[in-house]
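# Coordinate inspection notes
Next come the chains, spelled out residue by residue.
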Amino acid sequence: MIVGPLLSVAALGLLAGMVLGPRRPRFWLGATLVATTASLAAALTILLGFEPTWEWSGAFRLGGELPHLRLDAISALFLALLSVVGGAGAAYSRDYWSDHHYPKSSGRGRLWWSGLVLMMGLVLLEANGLHFLIAWELFTLCGYMLITLENRGRKVRAAGWLYLAASHAGTLCLFAFFSLLASRTGSWELGPQLRECAMLTPLFWLALAGFGVKAGVFPLHVWLPSAHANAPSHVSAILSGVAIKMGVYGIVRFSGWLPPPVQAGWVVIALGAVGALFGIAFAFAQNDLKRLLAYCSVENVGVILIGLGAALLGAAHGDAVWGRLALVGALLHVWNHGLFKALLFFGAGSVLHATGTRDMSRLGGLWTKMPWTASLFALGALAVSGLPPLNGFVSEWLIYLGLFDAGIAHSPAAWAAMPVAIVLGMAGALALASFAKAGALTFCGAPRTKRVAHAHEGGAWMIGPMLVLGAACVAIGLAPALLWPVVGRVAGAWNPAWAAADAAPVQLATLGGVHVVLALLVLAAVLFLLRRSLANGLRRGLTWDCGYAAPTGRMQYTAGSFSGIAAGWFFWLFRTENTAQRPHGPLPAGARRVERVPETVLEKLIGPVGAGVLRLSTAVRRLQHGRLQSYILYLVAGLAALSALVLTGGAR
Amino acid sequence: MLITILYGILRLALWLLLAPLLPGIVNKVKAWVAGRRGPPVLQLYYDLARLWRKGVVLSTLASPGFLAGPAVGWVAIVGAALLLPLGPAGSVLGFRGDVLLLIYLLALARFCTVWAALETGSAFEGMGSVREVSYAVLTEAAILAAVLSLCVHNRGLALAEILAPSAGAGATLLAAGLFTVLLAENCRVPFDDPNTHLELTMIHEAMILDHSGPPLAAILHGASVKLLLFSVLLVQAVLPIGAFAPLAGIGVLVGGVLVTTVGVGLVESLLARFAFKQVPFLLTLAFLLCLFALLVAWKGGAA
Amino acid sequence: MNGTLNLLIGLTMGLNLMALGSSRIPSLIRAMSVQGVVLGVMPLLIEHLFGWEAMLRHWPVLLVAVATITVKGIVIPRLLNRAMRAANIDRDMEPLIGYVPSILLGAGGTIAAMALARSLPLLPEHAGSLLVPGALASVLTGFVLLIGRTKAISQVCGYLILENGIYLFGLLLIHATPLLVEAGILLDLTVGVFVIGIIVDHIQRAFDSLDTRKLTVLRE
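Residues numbered from 1 in each chain as written. Chains lettered and ligands numbered in written order. Predicted model: local features only at pLDDT ≥ 70, side-chain atom pairs only at ≥ 80, totals over all residues. Heavy atoms only, no water.

## Focus on the overall build of chain A
Quick reminder of the rule: The numbering of helices and of strands both runs from the N terminus, where a helix is a DSSP run of H or I of at least 4 residues and a strand a run of E of at least 2. With the radius of gyration taken over C-alpha atoms, the globule rule is written as 2.2 Å times the number of residues to the power 0.38. Categorising residues by exposure relies on relative accessible area from a 1.4 Å probe, with only protein chains included: less than 20% of the type maximum marks a residue as buried, more than 50% marks it as exposed, and the intermediate range marks it as partly exposed. Note on contacts: a residue pair qualifies if any of its non-hydrogen atoms lie within 4.5 Å across the two residues. For accessible areas, the Shrake-Rupley method is used with a probe of radius 1.4 Å. Any residue's cover is judged against the shown protein chains and nothing else. Only four residue types enter the charge count, namely Lys and Arg as positive and Asp and Glu as negative; His and the chain termini do not. Think of each charge as sitting on NZ of Lys, CZ of Arg, CG of Asp or CD of Glu.
Of regular secondary structure, chain A possesses 24 helices and five strands. Taken over the C-alpha trace, chain A has a radius of gyration of 26 Å; the compact-globule value for 652 residues is 26 Å, and the two agree within 12%. Its C-alpha atoms give chain A principal-axis dimensions of about 100 × 70 × 60 Å. Buried residues in chain A amount to 57% of all 652 residues. Looking at chain A alone, contacts between residues at least 24 apart form 79% of all its contacts between residues at least 6 apart. Of the accessible surface of chain A, which amounts to about 25600 Å², a share of 68% is contributed by carbon and sulfur atoms. Of the side chains in chain A, 46 bear a positive and 24 a negative charge, and the two mean positions are spaced by 12 Å.

Encoded structure:
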């Protein structure tokens, strides 16, 4: 009985934030925090099983339809993530995008932030197709407004446009999807009753394409890197942590509600594997810190899709238990990725705030100036690489278990599961490489430019949210068994056959125990080694560097050289562009060499195709030139063609 | 409960004490092939004791992470070793999926080593780190294929289930693949030369150039535990130790580890280090060997 | 005997990969000749010929085996080695498909062949045997070598490995067809290799190189 009031408080808080926020930052922050806390409480009420699914229908018509909201376990899972990241981002933006630094856009930023959170919440709650579409569209628009908050840069505007165009291509699919759904079922109502209608099966592909664009599924991810890199960092955090999860939500939701096609599992798991491997390969090759993080989101969506695809395969092969394992892993990864990716984007934001650059080859040695950010970023890097004892490992472990069990069970699905498990391992190793690069090149070593040497740590409002997110990462890693019933309930909502939640069939409690012991041992070992070193005598000296006496920051390994070996393996995908100016003559004036990994899919695939379409349209436009005589000729030609069609009987 | 903990501590002591023996044996074999007398087998113990008493020279750039890296890496490797069952003795704490924890603990150790290396801002250490993380992508694929083949063949997901009972038909393939992985993961010839002093050509050694004193001792000891870990893993994956009587099983395990170690020494004496360009090729081969072992296991299970 | 036979076919597949991965032409030729010997032993295994008496009774099979081993294992490799020495090359320096990609292709092809063979309508006695996947994999390896290598000698090796695949297919029919077929293939092949040997020699003399890409001028 408590969910309704909590959600009303949340909605009211966000609305008040939208109305009053632009002028009153403190009130806005308070209102947003209250609202997100309330919605988090509502989501947890459902997730912990205190209350069954919450439903509400209005008595008035909105756009010809009765409003219908529903909060079930799947929605609640995503709503909880939205609440945490929405609140943390609001707190982070207090100092990061303050009136003092951005007098022009900070007010707008608050307005659209509340709007974005509200609309995403609405998308999660909607149980009416028409209203879902409206909320979806508004959510996209809020996202655009936030990306282009600092709209003076050409790159930012281009990124915003690309986001808007790609999102609308996706929305087009969704329009088709929902209207076909409505016409085949006779109503806009959404819900588990759709599963009974076999006619809806082919619509799954439309939903996959439409939601896939938002989720950044690999070949449809083109908008994602530039939008995430150019948006303000707290916006990047919520876009990457939550907004792309809305796409995942759509895929999860409708793969559960629609009767999925036979090939659905195979296609989804293949998309996931491709996204995981190629996404992280692109991430490794980036020199821009935020772009690296953005591509890593493509990878993590791939990981989630691998789990979901395995779940679909499991459901198709007699509701096998391994499918449930993979699904639980995927759902848990939704949370985990939201948490650590927001943490990492906040960290990148602090770096950007302090130094004014995102280029890793110009950063370095920041840990002396920003010890908090450095340690929290390192924690996030460990988590995102899927290393024990943190949360990323728990969810990847569950997905692995699902995939391995499919192989052990000798199910036909093993032909997908076993190769994908190997791909997942390679993606994990590349993620480790990427984040060793991102963290260590940014925070360790010597400063590469002067500007970096004068960096400063962000304030308590910037560190605080990062601490909260980092603590959540550690908590999930150390006590995963507590989450099993929660996520198990969501899996039950997805596939009723798995609803009979048994006690954890996997030994999550054992894993949690091992993680706790590991964490304690790590702490003990670090302290012990530190004490021993101090007792033996600790002397500071230059980095040895094999005897070189005057090393400078510029002599360190750069971001580009760090990914050199692996980039060579993916040359056929990257199409790396080199521009070199060689030194000439006996006293060369200057030389430079720039290596750039282009947005291959966008520039080499979609760009040329788009240009071709444009040329074709231009050619067709020549038909329209304003001469009356020609128009009459068209008419006559059209009539003749029609009559020919009738005469030959082709129009029957 | 108490007994389990005591037993675990006993096993831990066994791992920690025996591990530094292996590099000594490898060096002895190398010396023997070259016709030299060579350093004593216990040389690494002396080195570790000496390093443990020495002071630390710390780069001016290094953060506390530079000291934490070796500590975390050491704990991760030793933890992974403890997960491993020892023939008839089984594992201390076996559970479904512990094999993945083992793989990822090794990855954690790698992350920490690389992070600590990059703390110094030296280009050499950067080079070593790049090689380490890049080649790990291929070894990871090979290890996963090998583990999958063991899981599919023995129909289990816990290390104790997949290692002890029986060796598969693809054991030869698996042996070749895992031995190559062992050489690569432990930075032995032909992937890396642990004795070289030419920084440009090293992987592991290049990453630890700036370490000294107790942290270096932790790194060296961790490396020896890792070598022992991989030898034990290889022997148990390939030989049907479960088919022997308990005591004989222990004997076979110890003998197998010795043979593996001598094999490493022989490879090191007879083979030159490969050019770095050939490393991916060799690792791909190792991956394919493990992949075909998986295929054999799959076909064997289907029949 | 299925187990031993499968082991030999597995060995053949391994040799395929070795051929794909070897950058030096002598090792390519060696892989091919070992493969020839392995293939030569197979008819004996299939017909269960383990004693002199049995062998003499089925003398045509014995003849084929001996001929195969001699031709594929000894004669052709010798010829190729001689051609190689005459042309003074021992490496395929710039393959069109690199060594790692071609070995991955070969492995992927082998796995695909396994999967494909399962769906083929085979006789029940061949269901458990690796003959068909082995044959398909060898044919594919031959094609990869023919497509990916630039030197004429490596391409000849590719052609021979392709032929080995066809030979493996032929073993399926060893009960049904007269062994003349195999003998015919062998003869055909020997002639082919002689011709190629002569051509190699002539290419070498005319162009001072064995790079087949330079032959595109002759497309008229």
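Structure shown, so let's carry the discussion forward.
## Section: the interface of chain A and chain B
Inclusion rule: A quick way to say it: buried area is the sum, across both parts, of accessible area lost when two parts are put together, with a 1.4 Å probe. Whenever a carboxyl oxygen of Asp or Glu lies within 4 Å of a side-chain nitrogen of Lys or Arg, that contact is scored as a salt bridge.
Each side of the interface is counted separately: chain A has 72 residues, and chain B has 74 residues. Together, the buried faces of chain A and chain B total about 6700 Å²; carbon and sulfur atoms form 77% of this surface. When residues of chain A are sorted by the area they lose upon contact with chain B, F404(A), H410(A) and L529(A) head the list and together hold 10% of the total. The interface formed by chain A and chain B holds one salt bridge in total. Salt-bridge contacts for R96(B) lead to D405(A); the nearest nitrogen and oxygen are separated by 2.5 Å. Mapped onto the side of chain A that touches chain B, the elements with two or more residues apiece are α13 (371-384), α14 (391-408), α15 (414-443), α19 (508-536), β3 (538-541), α20 (559-562) and α21 (564-569) of chain A. It is α15(A) that provides the largest number of residues to the side of chain A that touches chain B, a total of 16 residues.

## Overview of the packing of helix α12 (residues 321-355) of chain A against α14(A)
Residue and element names in this part refer to chain A. Which entries qualify depends on this criterion: Orientation is described by axes fitted as lines to C-alpha atoms, over the contacting stretch for helices, and by angles from 0 to 180 degrees between their N-to-C directions. Relative orientations are named as follows: roughly parallel for angles under 35 degrees, roughly antiparallel for angles over 145 degrees, roughly perpendicular for angles from 65 to 115 degrees, and oblique for any other angle. The handedness criterion is simple: a crossing whose near helix is rotated anticlockwise from the far helix by less than a right angle is left-handed, and one whose near helix is rotated clockwise is right-handed. Three categories are distinguished: nonpolar for Ala, Val, Leu, Ile, Met, Phe, Trp, Tyr, Cys and Pro, charged for Asp, Glu, Lys and Arg, and polar for the others, with Gly belonging to the last.
At their nearest, the axes of α12 and α14 sit 8 Å apart, and the two run at 160 degrees to each other. When the axes of α12 and α14 are compared, the pair comes out roughly antiparallel. As for how α12 packs across α14, the hand of that crossing is left-handed. Contacts between α12 and α14 involve W322, L325, A326, V328, G329, A330, L332, H333, N336, L339 and F340 on the former and, on the latter, N391, G392, V394, S395, E396, L398, I399, L401, G402, D405 and A406. Class assignment for the residues of the contact of α12 with α14 results in 13 nonpolar, seven polar and two charged.

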